[in-house]
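So the chains spell out like this:
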Amino acid sequence: MSVREAYDAWAATYDTDRNATRDLDRAATEAALAGVHCGTIIELGCGTGKNTGFLARLGTRVLALDFSPAMLAQARRKVSAVQVAFAVADLTAPWPCAAGAADLVAANLVFEHIAALPFVFGEAYRCLAAGGHLFVCELHPFRQYLGVQARFRRGESDVAITAFVHHLSDFLAAAGGAGLTLVELREWWDGGDRGAPPRLVSFLWRKVMGG
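Okay, so let's go over this structure. Just so you know, these numbers come straight off a predicted model, no measurement behind them.

1. Description of the pattern of salt bridges
Evaluation of the coordinates by the stated rule reveals seven salt bridges. As a salt-bridge pair, Arg126 and Glu123 come within 2.9 Å of each other at their nearest N and O atoms. With Arg126 and Glu123 both in helix α5 (residues 118-127) and three residues apart, the pair spans about one turn of that helix. Classification of Glu123 as buried rests on a relative accessible area of 8%.

2. Describing the packing of α5 against helix α7 (residues 168-178)
At a minimum axis separation of 8 Å, α5 and α7 run at an interaxial angle of 40°. One finds that α5 runs oblique with respect to α7. At the point where α5 passes α7, the crossing takes the right-handed sense. Contact residues: α5 offers Pro118, Phe121, Gly122 and Tyr125, while α7 offers Phe171, Ala174, Ala175 and Ala178.

3. Describing α7
Among the residues of α7, Phe171, Ala174, Ala175 and Ala178 are the ones counted as buried. Angular distribution of buried residues about the axis of α7 spans 95°; they occupy a single face of the element. Projecting away from the buried face of α7 at angles above 90 degrees are the exposed residues Ala173 and Gly177. If you follow the buried residues of α7, they end up packed against α5, β5 (128-139) and β9 (200-206). Two residues or fewer past α7, Gly179 is found with a positive phi of approximately 100°.

4. Examining the packing of aromatic side chains
For the structure on display, the rule yields eight aromatic pairs. Each ring, one from Phe171 and one from Phe203, has its centre 5.1 Å from the other, and the planes form 35°; the classification is tilted. Taken together, the residues span a long stretch of sequence, with Phe171 in helix α7 and Phe203 in strand β9 at a distance of 32 residues. Here Phe171 falls in the buried class, since its relative accessible area comes to 2%. Overall, Phe203 belongs to the buried group, its relative accessible area being 1%.

5. Observations concerning the side chain of Thr40
Among the secondary structure elements, Thr40 is positioned in strand β1 (residues 38-44). Sequence-distant contacts of Thr40, defined by excluding residues within four places in its chain, comprise Thr60, Arg61, Ala101, Ala102, Asp103 and Leu104.

6. Quick notes on the pairing of strand β4 (residues 102-108)
It is a general feature of regular strands that their side chains alternate between the two faces of the sheet. With respect to burial, β4 is a largely interior element, six of its seven residues being buried. One ladder, built from four bridges, connects β1 with β4; its direction is parallel. Within the sheet, the bridge partner assigned to Leu44 lies in β4 and is Ala107. Of the strand pairs in this sheet, β4 and β5 are connected by six bridges, and their pairing is parallel. Across the sheet, residue Leu104 finds its bridge partner in β5, namely His133.

7. A closer look at the sheet that holds strand β3 (residues 84-88)
Taken together, the seven strands give an open sheet; going across it, the order is β3-β2-β1-β4-β5-β9-β8, and neighbouring strands pair in mixed fashion. In this open sheet, the two strands that pair with only one neighbour each are β3 and β8 (181-188). Along the sheet, successive strands turn relative to each other by an average axial angle of 15°, direction set aside. With seven bridges joining them, β8 and β9 adopt antiparallel strand pairing. Among the inter-strand pairings, Leu185 is bridged to a residue of β9, identified as Phe203.

Here is what the cut-offs are and how they apply
In this numbering scheme, every chain counts its residues from 1 along its sequence in written order. Note on the predicted model: pLDDT of at least 70 is required for a residue's local features to be given, and 80 or more for side-chain atom pairs to be given and counted; whole-chain, interface and lining totals, by contrast, use all residues. Where side-chain values are given, they derive from all heavy atoms of the structure, hydrogens and water being excluded. A pairing counts as a salt bridge when a side-chain nitrogen of Lys or Arg comes within 4 Å of a carboxyl oxygen of Asp or Glu. For the purposes of this entry, the term helix denotes a DSSP run of H or I that reaches at least four residues, the term strand denotes a run of E that reaches at least two, and both are numbered from the N terminus. Relative accessibility under 20% of the residue-type maximum defines a buried residue, over 50% an exposed one, and the middle range a partly exposed one, all with a 1.4 Å probe and only protein chains included. Note on geometry: axes are lines fitted to C-alpha atoms, helical ones only across the stretch in contact, with angles between N-to-C directions running from 0 to 180 degrees. Note that the term roughly parallel is reserved for angles under 35 degrees, roughly antiparallel for angles over 145, roughly perpendicular for angles of 65 to 115, and oblique for everything else. By convention, the crossing between two helices is left-handed when the near helix turns anticlockwise from the far helix through less than a right angle, and right-handed when the turn is clockwise. Between two residues, a contact is recorded if the distance between any of their heavy atoms is within 4.5 Å. The directions considered for the arc run from the helix axis to the C-beta atoms. Working definition: a ring pair exists when centres of Phe, Tyr or Trp rings (six-membered ring for Trp) sit within 6.5 Å. Plane angles under 30 degrees give stacked, over 60 give edge-to-face, the rest tilted. Between any two strands, pairing holds if DSSP finds at least two bridges.

Next comes the structure, spelled out in structure tokens:
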């Protein structure tokens, strides 16, 4: 089963399945971006729209991208804000976004399904206006080292979704190679995680003026 097929199959129950990583991602995103207000936002891998409504409160326009039609159908039912547009897009191909159009690009729990990071960071740099920010929140590689990956239950079986391990240095190298400047790196635990490796890692990068 491809990644797209897996998320199409998961879409109907994604929001209601027990999922501590999904819930922590929502909380971490709201905490990391609290107080941010900007113009155009590009959301990468919006899924069922779990963060889209929040992003719509931060920006005047949100373009929410995902390659799973079933996930997008759920998002469209959930988010009706007039400033939000949804589109099917493969993030490993050129994005349907004009150069320099975005003040914020946000990616949540999506890069683990992308084998090579440099292209997506290059596209983020292209799409950002000078002074704009890239926010990324991902499953922490320390968890991946233990064999943790996105999965869901179907009948009596667990379906593990194809994932790629990206070390912290891989994120930093890809972003730096694209010309982005690191502003903040944070690690996140949920209530039951203390004493264990962090569940999530988030980054905030900036496209410097004149970049």
